[in-house]
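# Per-entry structural report
Okay, here's what each chain looks like letter by letter:
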Amino acid sequence: MTDLPQHDIADPSLRAQGVARIEWAERSMPVLRQIRERFAKERPFEGQRFAACMHMTTETAVLLRTLKAGGAELAACASNPLSTQDDTMAALVHEYGISVFARNGVDRDAYYAHINAALDIRPDFVFDDGCDLVNTLHTTRKELLEAIKAGCEETTTGVVRLRQMAADDALRFPVVAVNDTDTKHMFDNRYGTGQSSLDAIMRATNLLFAGKTVVIGGFGYCGKGLAERAAGLGAHVVVTEIDPTKALDATMQGYRVMPMLEAARIGDVFITVTSNRGALRPEHFEVMKDGAILANAGHFDIEVDVAGLGEMAVEKRSRIRHQTDEYILADGRRLLLVAEGRLVNLGAAEGHPASVMDMSFADQALTAEWLTKTYASLEPGVVDVPTEIDKHVARVKLETMGIQIDTLTSDQETYMNSWEFGS
Ligand SMILES: NC(=O)c1ccc[n+]([C@@H]2O[C@H](COP(=O)([O-])OP(=O)(O)OC[C@H]3O[C@@H](n4cnc5c(N)ncnc54)[C@H](O)[C@@H]3O)[C@@H](O)[C@H]2O)c1
Ligand SMILES: Nc1ncnc2c1ncn2[C@@H]1O[C@H](CSCC[C@H]([NH3+])C(=O)O)[C@@H](O)[C@H]1O
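Residues numbered from 1 in each chain as written. Chains lettered and ligands numbered in written order. Predicted model: local features only at pLDDT ≥ 70, side-chain atom pairs only at ≥ 80, totals over all residues. Heavy atoms only, no water.

### What to know about the packing of aromatic side chains
For the structure on display, the rule yields nine aromatic pairs. By way of ring pairs, the aromatic residues Phe39, Phe45, Phe50, Phe125, Phe127 and Tyr375 are connected into one cluster. (Phe/Tyr/Trp six-rings, centres within 6.5 Å; stacked < 30°, edge-to-face > 60°.)

Structure follows, in structure tokens:
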């Protein structure tokens, strides 16, 4: 390709490897492939500029290619410094002509420089995963706000932040909570996080889960998926919560529930998915067993208080295994932190498998199309994905899996819509 798009990537020579990986992911993304074929004909995004801040993985590459096929002019950057796949970036720029600003392992300054570089496209629409791009727009790039028509948010953390912005009357354009669709959080958060986080911990530590005590901080969608998968591997699962209903649910599903301070004494592995800060902090590190493994699959590097752990440690041995750092405490106990306390599944493995991202990103692509038609009628704030999009994605996914379901008979439909019939 002669006219390369604007970019900042690590290594163009990785292009062929990146292409092979993207093609492999595409095989498991039939819903998104169908959407791309239609977009290529209908070109719903012609003349629109998109900035996307997401995990820069093969699955995201398939989404970006879908948006480009629809006519969008695109610039993309990473939503996490550790999740970028450098070979995939080489393919995006050098094979598919997409503007990308992302390198694996950048520091905080480079991370935000990349977000700013993507924003330089002066977007009409934005895609975010965790709200860092939207936050940047509302703080240091306010001059771009007026031109922005709408946005999409991928994850729970981002939706929580956006709702806080909306409550403070700070959010200046409509943002759709893609995370809140059933076809996203019931599958991506649950089965995706459950499988890929344990996969990452195994890759990093070579741990045998059977017989270990695994402590899951937070029993939401991600926590449920993690608990099920860890139990399936033969682990004893302990859950910590702050919500009584979620704690009751975990108890009735057969898990032990207790405060983190108690769990900290017995856990072999800790995984946080609370969307909160300090789920694991010095008072917990203080009582943990020698060799305890700490990982976060929730958001950012503050759910496990990494700074607090660093202050407590007398020595840090970096990368004693794949993406694993060892912190040695004054009494000689060693605590192992995977992926620097950032999202373990994306920092120490490849994130969710493509077949689950197929649904999340089909939701993104169809929501973007819907937004181009409806943005003018939406108020600034957090907006739901239309139910038809959610149901459509579920229906097509089932079809691609060769699974059929029943439909209501007309008699059943009448019954469901009536109130006269009793027992
Ligand atoms: N790793 C990934 O690929 C991935 C995928 C999806 C979501 N996420 C992230 O995972 C996090 C959780 O997402 P979710 O959809 O499960 O959210 P959720 O809201 O369904 O669940 C979070 C749970 O944590 C509990 N909680 C909050 N503070 C707590 C504390 N201090 N101790 C114990 N429990 C606490 C809440 O009561 C809630 O039940 C979010 O940050 C989200 O962005 C990550
Ligand atoms: N393979 C993948 N490719 C792209 N996105 C992914 C992949 N696996 C998981 N995700 C998304 O990552 C999101 C969590 S990101 C959490 C917020 C923040 N960006 C952070 O890095 O801390 C989930 O909602 C998933 O949809």
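### Observations regarding the environment of Glu23
Assignment of secondary structure puts Glu23 in helix 1 (residues 15-27). By relative accessible area, Glu23 is classed as partly exposed at 43%. Residues Glu23 and Ala204, 181 residues apart in the sequence, show an inter-C-alpha distance of 26 Å. (Helix = DSSP H or I, 4+ residues; strand = E, 2+ residues; numbered from the N terminus. Buried < 20%, exposed > 50% of the residue type's maximum accessible area, 1.4 Å probe, protein only.)

### As for unusual backbone geometry
The phi angle at Cys131 is positive, at roughly 80°, despite the residue not being glycine. Along the polypeptide, Cys131 turns up in the loop between strand 5 (125-128) and helix 6 (132-139). Judged by its relative accessible area of 0%, Cys131 is buried. Phi angles above zero are rare outside glycine, and Ser275 is one such case at about 65°.

### Describing the confidence of the model for the protein chain
In this model, the protein chain carries a mean pLDDT of 97, and residues with pLDDT of at least 70 account for 100%. The ipTM value of the predicted complex is 0.99, and its pTM value is 0.96. (pLDDT = per-residue confidence, 0-100.)

### Thoughts on helix 4 (residues 86-94)
Of all nine residues making up helix 4, eight are buried, and the element is well covered by its neighbours. Asp87, Thr88, Met89, Ala90, Ala91, Leu92, Val93 and His94 are the residues of helix 4 that are buried. Elements in contact with the buried residues of helix 4: strand 1 (7-8), helix 1, helix 3 (58-69) and strand 4 (99-101). (Contact = heavy atoms within 4.5 Å.)

### Some remarks on the pairing of strand 3 (residues 73-78)
When you tally the buried positions in strand 3, you get five out of six residues, the bulk of the element. In this structure, strand 2 (residues 49-54) lies alongside strand 3, joined through six bridges in parallel fashion. Across the sheet, residue Arg49 finds its bridge partner in strand 3, namely Glu73. Taken together, strand 2, helix 3 and strand 3 constitute a β-α-β crossover, and its handedness is right-handed. Bridge analysis of strand 3 against strand 4 gives three bridges, and the strand direction is parallel. Among the inter-strand pairings, Ala75 is bridged to a residue of strand 4, identified as Ser99. (Pairing = 2+ DSSP bridges. Right-handed = clockwise from strand over helix to strand, strands pointing away.)

### Notes on the sheet that holds strand 4
If you walk across this open sheet you meet the eight strands as 1-4-3-2-5-6-7-16, and the pairing is parallel. Edge strands, defined here as strands with exactly one partner in the open sheet, are strand 1 and strand 16 (381-383). Strands strand 1, strand 2, strand 3 and strand 4 of the sheet are contacted by helix 5 (residues 108-119), whose axis makes an angle of about 170° with strand 3. (Axes fitted to C-alpha atoms, helices over the stretch in contact; angles between N-to-C directions.)

### With respect to the layout of surface pockets
By volume, the second largest pocket is sized at about 400 Å³. Lining the second largest pocket are 18 residues, and of these Thr183, Phe187, Tyr191, Met359 and Lys397 sit closest to its centre. Going through the elements one at a time, helix 8 (182-205), helix 15 (354-374) and helix 16 (387-400) are the ones with two or more residues in the lining of the second largest pocket. The leading source of residues in the lining of the second largest pocket is helix 8, at seven residues. Classifying every residue of the lining of the second largest pocket by side-chain character gives nine nonpolar, four polar and five charged. (1 Å grid on protein atoms, 1.4 Å probe; cavity = no way out; pocket = protein on both sides within 12 Å on 5 of 7 lines; lining within 4 Å. Points joined across faces, edges and corners; volume = space filled by probe spheres on them. Nonpolar A, V, L, I, M, F, W, Y, C, P; charged D, E, K, R; others polar.)

### Quick notes on the environment of Met54
Mapped onto the elements of the fold, Met54 is located in strand 2. Judged by relative accessible area, which is 1%, Met54 ranks as buried. Apart from residues lying up to four places away in sequence, Met54 is in contact with Thr60, Leu63, Cys77, Ala78, Ser79, Phe127, Asp129, Glu154, Phe361 and Gln364.

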